[in-house]
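Inside the fold
The residues making up each chain are set out below.
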Amino acid sequence: MAHPPPQPQGRSLFERFDTSRPPRYAGVIDPKIMINWINSMEKLFVVHQVPNDRKVDLATFYLQGEADKWWKIVMAPCSWEEFKERLNNRFYPNELRLQKTREFLDLKQGGKSLQAYTDKFLELVPYARTIVPTELDQVRYYERGFVKELRMCVTAQPATTFDAAYDRALRVWADLSTEPVGGSQPPRPFKRPFVPSSSSSSQGFKKKPAYGFRQGFRPPVRRPPVMKSQKCFQCRKDLHPGKNCDGSPKVCYNCKQPGHYNRDCPQLRSTVAAVSGSSVASKKAPRVGVAYVLTRAQAEANPEVIM
């Protein structure tokens, strides 16, 4: 443990204390400035071996501005701890205290580097002494704000001191991240590369590209399909509609005249119409009955007639 340097003889405590040029506090409504001033004074108390009953007298000498006016009004014998509590109540309003407390509770590493997250955590810890009163509580809150990959690795072996937690997180972060320790990006999760199976490769399977709405994306241009020329099934040349393979015009199979096909032949149409007309007429003709008339004498003479 380091011991404070020996103090020169013949000089008063105030003269020795003043040679270190202590900072002054003007009562600015900024908890960071006030806490830094208190921490600086407490360090000088240790170096110059200031007794407890002299700390308030020495510290209040370096108040100025609004802080000095306030102390002249409320000046009363008190201990150093009581003085800090009064100073907090005056220049650290409850609204600002609640704001800093919420900022501490919402603090997460997110996209920040491990060093940036640690610095912000240490900056907000003094404003949350009621939430994390012990070092173990600080370690738990510190580890809880890590990114998921880092938190799962670190909390497997929980640390009991803040330095141990920070050293372990630093080593794990270096293993997870592809960038140097303290880089601005969190570790990237592992992605398994795509490897086509033997069945899919044998069938000529190809993975389709993923089209997204990213900047600079151009959708593929769909071109009209190219029609292949049709061939004649006899000569295997390009189709020659209306002509035979030798170039002669095609004729109707019914009337042997060029210019139309068999299905459009006028002679065939007239023949079909005539036949269909006669069949319809025959179907619609009424049947005529035949009646046979016999006299009584003829019926009696004919043995086949039954009366």
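Anyway, here's the lowdown on the structure attached to this text. (Residues numbered from 1 in each chain as written. Predicted model: local features only at pLDDT ≥ 70, side-chain atom pairs only at ≥ 80, totals over all residues. Heavy atoms only, no water.)

Here we come to the overall build of the protein chain. A count of helical and extended segments in the protein chain gives 13 helices and 0 strands. Taken over 307 residues, the protein chain has a buried fraction of 24%. Within the protein chain, contacts between residues separated by at least 24 positions form 48% of all contacts whose residues are at least 6 apart in sequence. Surface summary for the protein chain: the accessible area is close to 23300 Å², and the carbon and sulfur share equals 55%. (Helix = DSSP H or I, 4+ residues; strand = E, 2+ residues; numbered from the N terminus. Buried < 20%, exposed > 50% of the residue type's maximum accessible area, 1.4 Å probe, protein only. Contact = heavy atoms within 4.5 Å. Areas by Shrake-Rupley, 256 points an atom, 1.4 Å probe, with all protein chains shown as cover.)

Enumeration according to the criterion identifies 22 aromatic pairs in this entry. Aromatic side chains Tyr92 and Tyr127 sit 5.8 Å apart centroid to centroid with 70 degrees between the ring planes, which places their arrangement in the edge-to-face category. Of this pair, Tyr92 sits in the loop between α5 (80–91) and α6 (94–105) while Tyr127 sits in the loop between α7 (114–124) and α8 (135–144), and the two are 35 residues apart along the sequence. Judged by relative accessible area, Tyr92 falls into the buried class, the value being 4%. A relative accessible area of 6% means that Tyr127 is categorised as buried. Look at Tyr142 and Phe146: their rings are 4.9 Å apart centre to centre, the planes differ by 75 degrees, and that puts the pair in the edge-to-face class. In this structure Phe146 comes out as buried when scored by relative accessible area, which is 3%. One aromatic cluster in this structure is built from Phe14, Phe17, Tyr25, Trp37, Phe45, Phe61, Tyr62, Trp70, Trp71, Trp80, Phe83 and Phe91. Note that Arg97 overlies the ring of Tyr92, its terminal NZ or CZ placed 4.8 Å from the centroid. (Phe/Tyr/Trp six-rings, centres within 6.5 Å; stacked < 30°, edge-to-face > 60°. Lys NZ or Arg CZ within 6 Å of the ring centre and 35° of its normal.)

Don't take any of this as a statement about function, it's just geometry.
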